[in-house]
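Structural overview
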Amino acid sequence: MQLRIDRRSAIAEGVVALDLRRPEGGALPSWAPGAHIDLRFNPSLVRPYSLCGDPADRSVWRLAVQLEPDGRGGSIHAHQLAEGDLVQVSGPRNNFALEPAPRYLFLAGGIGITPLLPMLAAASDWQLHYGGRTLPFRDELTARYGAQVTIHPGLLDLDRILDDLSPGTLVYCCGPSSLLDAVSARCPAEMLRLERFDPVPLAPSAERRFEVELVRTGVTVTVPPDRTILQMADEAGAPVSFSCREGTCGTCETPVLDGEVDHRDSLLTPAERAAHDTMFICVSRAAGARLVLDL
């Protein structure tokens, strides 16, 4: 859909908030805490951004974007948007949903606060530890939630924070890869939920040719070592959707009907990977000679 930048405001050094509305007015699709949308700056530049406003307000979607001059280009384009500009948008999608739990521990680094903001409003028993050099929404958070929020003007002291987690606690974490990796090394996997902005680095592996049957399309494609399932399915006319092409946004998730998957995404939990019933075809491959996909 095409939305209008209704309001643009600088909320911290290098961070802008963008409020998006329908040009003709009216309700936007519903969403839940943890959801993101894609901004489509051009056909080859599509970037996901977390929704950080109020899910109950269907008239507006709010984003906050940190400028990354040495990034992949999305934040530069986002910071060039002005009030009144129109932008192509798709979504929302949610790979970071707030699951029911008796209590929550939220950990945020810098702009990683954005997907957590709606979660704080929806949860009851929780604590937030928020660190980094740039801290958008800091004053708003401390004024609204008081002692539930601990601000760290730098790195989080994870050894202390994660020292004694109560049974039943779910830990939600978003921020730079260094923070997510450090939390993953200290927190039991069954208690941890992560949102990554960058893909997990993968160890080199031997690539090989394999076949993929696209059941609904009615064709079988051969995927060579230097191509992805997504590329081959798209060329075969399958109705594929994609955005990041690096296994972080979840747009290209596809059900697996048969075969084992060499998972290379940054989204699935160990249990979800072991089930081999879904995959992200932009990066993941076949673990064997053949896959059958509901595509």
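This text follows the structure it describes.
Rules of the game
- Residues numbered from 1 in each chain as written.
- Predicted model: local features only at pLDDT ≥ 70, side-chain atom pairs only at ≥ 80, totals over all residues.
- Heavy atoms only, no water.
- Helix = DSSP H or I, 4+ residues; strand = E, 2+ residues; numbered from the N terminus.
- Rg over C-alpha atoms; globule rule 2.2 N^0.38 Å.
- Buried < 20%, exposed > 50% of the residue type's maximum accessible area, 1.4 Å probe, protein only.
- Contact = heavy atoms within 4.5 Å.
- Areas by Shrake-Rupley, 256 points an atom, 1.4 Å probe, with all protein chains shown as cover.
- Phe/Tyr/Trp six-rings, centres within 6.5 Å; stacked < 30°, edge-to-face > 60°.
- Core = buried A, V, L, I, M, F, W, Y, C linked by side-chain atoms within 4.5 Å.
- Salt bridge = Lys/Arg side-chain N within 4 Å of Asp/Glu carboxyl O.
- Pairing = 2+ DSSP bridges.
- Polar contact = N/O pair within 3.5 Å; in protein donor to acceptor, adjacent residues only side chain to side chain.

Comments concerning the overall build of the chain
- Across its full length, the chain holds seven helices and 18 strands.
- Taking 2.2 N^0.38 as the reference for a compact globule, 295 residues should give roughly 19 Å; the C-alpha atoms of the chain span a radius of gyration of 20 Å, in line with that estimate.
- Summarising its shape, the C-alpha atoms of the chain cover approximately 55 × 50 × 35 Å along the three principal directions.
- Counting all 295 residues of the chain, 45% fall into the buried class.
- When contacts within the chain are restricted to residue pairs at least 6 apart in sequence, long-range pairs at least 24 apart make up 57% of them.
- If you sum the accessible surface of the chain, you get close to 13,800 Å²; carbon and sulfur atoms cover 49% of it.

Let's talk about unusual backbone geometry
- Omega for the bond connecting Gly-91 with Pro-92 falls within 30 degrees of zero, at 5 degrees, which places this linkage in the cis form.
- Summarising the element assignment, Pro-92 is placed in strand β6 (residues 86-93).
- In this model, Phe-137 sits at a positive phi of 70 degrees, which is unusual for a non-glycine residue.
- Residue position: Phe-137 is located in the loop between β8 (126-131) and α3 (138-145).
- By relative accessible area, Phe-137 is classed as buried at 7%.
- For His-276, which is not a glycine, the phi torsion comes out positive at approximately 55 degrees.

Some points on the packing of aromatic side chains
- In this structure the tally under the stated criterion is six aromatic pairs.
- Consider the rings of Phe-106 and Tyr-172, whose centres lie 6.0 Å apart with planes at 45 degrees: the pair is tilted. Within this pair, whereas Phe-106 is found in strand β7 (residues 103-109), its partner Tyr-172 is found in strand β10 (residues 169-175), the two being separated by 66 residues in sequence.
- The class of Phe-106 is buried, set by a relative accessible area of 0%.
- Aromatic rings pair up to connect Phe-96, Tyr-104, Phe-106, Trp-126, Tyr-145 and Tyr-172 into one cluster.

Description of the nonpolar core
- Phe-106, Ile-113, Leu-116, Trp-126, Leu-128, Leu-141 and Tyr-172 are the most contacted members of the largest nonpolar core, which totals 24 residues.
- Secondary-structure elements contributing two or more residues to this core are β7, α2 (117-122), β8, α3 and β10.
- Membership of the second largest hydrophobic core comes to 23 residues, among which are Val-212, Ile-229, Ala-238 and Leu-268.

Thoughts on the pattern of salt bridges
- Using the criterion set out here, one finds 15 salt bridges in the structure.
- Residues Asp-159 and Arg-186 are paired through a salt bridge, measuring 2.8 Å at the closest nitrogen-oxygen approach. Placement of Asp-159 in helix α4 (residues 158-161) and of Arg-186 in helix α5 (residues 177-186) is noted, with a sequence separation of 27 residues between them.
- Judged by relative accessible area, Arg-186 falls into the partly exposed class, the value being 40%.
- With a shortest N-O distance of 2.9 Å, Arg-216 and Asp-294 are connected by a salt bridge. Taken as a pair, Arg-216 in the loop between β12 (210-214) and β13 (219-223) and Asp-294 in the segment after β18 (290-293) lie far apart in primary sequence, 78 residues in all.
- In this structure Asp-294 comes out as partly exposed when scored by relative accessible area, which is 24%.
- Through salt bridges that share partners, Arg-4, Asp-6 and Arg-21 make up one connected network.

Side note on the pairing of strand β14 (residues 253-258)
- Relative to strand β16 (residues 278-280), β14 runs antiparallel, the two sharing three bridges. By the bridge assignment for β16, Glu-253 is matched with Phe-280.
- Two elements, β14 and β18, share two bridges in a ladder whose sense is antiparallel. Considered in β18, the bridge of Asp-258 is made with Val-292.

Description of the side chain of His-152
- Counting through the fold element by element, His-152 comes out in strand β9 (residues 149-152).
- Overall, His-152 belongs to the buried group, its relative accessible area being 9%.
- Within the structure, His-152 has its side chain in polar contact with the side chain of His-129 (distance 2.9 Å).
- Contact partners of His-152, with chain neighbours within four places excluded, come to His-129, Tyr-130, Gly-131, Gly-132, Leu-135, Asp-157, Arg-160 and Ile-161.

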